[in-house]
Amino acid sequence: ELEQMWRSAMREIMAVARAHGVNYKEEWIDKRLPILAEAVGATTSCSRDLWAGRHSELDDLLGSVHRLGEAKNVPTPVISTCYRSLSVRDRVARREATLP
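Residues numbered from 1 in each chain as written. Predicted model: local features only at pLDDT ≥ 70, side-chain atom pairs only at ≥ 80, totals over all residues. Heavy atoms only, no water.

Novice: Which parts of the structure should I look at to understand the environment of Ile79?
Specialist: Here Ile79 shows up in helix H5 (residues 77-93). Ile79 sits 13 residues away from His66 along the chain, and the two C-alpha atoms are 6.6 Å apart. Aside from chain neighbours lying at most four places away, what touches Ile79 is Ala9, Glu12, Ile13, Leu62, Val65 and His66. (Helix = DSSP H or I, 4+ residues; strand = E, 2+ residues; numbered from the N terminus. Contact = heavy atoms within 4.5 Å.)

Novice: What's the story with helix H4 (residues 58-71) in this structure? I'm lost.
Specialist: Two residues of an α-helix separated by three or four positions point the same way, owing to the 3.6 residues in each turn. A rise of 1.5 Å per residue sets the reference length of H4, with its 14 residues, at 20 Å; its end C-alpha atoms lie 19 Å apart and thus fit the reference within 8%. The sharpest bend along H4 measures roughly 30° and falls at Ser64. The complete set of buried residues in H4 reads Leu58, Leu62, Gly63, Val65, His66 and Gly69. Buried residues belonging to H4 abut helix H1 (2-19), helix H3 (45-52) and H5. Positive phi shows up at Asn73, right after H4, with a value of about 55°. (Expected span 1.5 Å × (residues − 1). Bend = angle between axes of the 7 residues up to and from the residue. Buried < 20%, exposed > 50% of the residue type's maximum accessible area, 1.4 Å probe, protein only.)

Novice: How should I be thinking about the environment of Asp90 in this particular structure?
Specialist: On the basis of relative accessible area, Asp90 is assigned to the buried category, the value being 2%. When the C-alpha atoms of Asp90 and Arg54 are compared, they prove to be 7.5 Å apart, with 36 residues separating the residues in sequence. Setting aside residues up to four positions removed in sequence, Asp90 forms contacts with Leu50, Arg54, His55, Ser56 and Leu58.

Novice: What should I look at first to understand the packing of H1 against H5 in this one?
Specialist: Axis angle and axis distance: for two packed helices, these are the angle between their axes and the distance between the axes, and together they describe the pair. Their axes nearest at 7 Å, the elements H1 and H5 cross at an angle of 105°. Judged on the interaxial angle alone, H5 and H1 are roughly perpendicular. Where H1 abuts H5, its residues Met5, Ser8, Ala9, Glu12 and Ile13 lie against Pro77, Val78 and Ile79. The residue makeup of the contact of H1 with H5, split by class, is 6 nonpolar, 1 polar and 1 charged. (Axes fitted to C-alpha atoms, helices over the stretch in contact; angles between N-to-C directions. Parallel < 35°, antiparallel > 145°, perpendicular 65-115°, else oblique. Nonpolar A, V, L, I, M, F, W, Y, C, P; charged D, E, K, R; others polar.)

Below, the structure written as structure tokens:
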């Protein structure tokens, strides 16, 4: 299930890149998935920032894909859902929102 989500997100990123004139080859997904699968226990700086309640680069990483997709009418349901969900935590970290 996790691998399918990774594939879907990567395909969305590829579709957005292609819509903006960037050549992104399908076979690159198969090269990256083993790297992700082997990174057991690894975390990203964005994840660590969110968990620690610090401002993160969420908007730069996921928000940019979401907006670039919208600009070219390329659907990004996985990326957009992750972005919107994690944005709440990011806003809390910046004290722009509170949780009930």
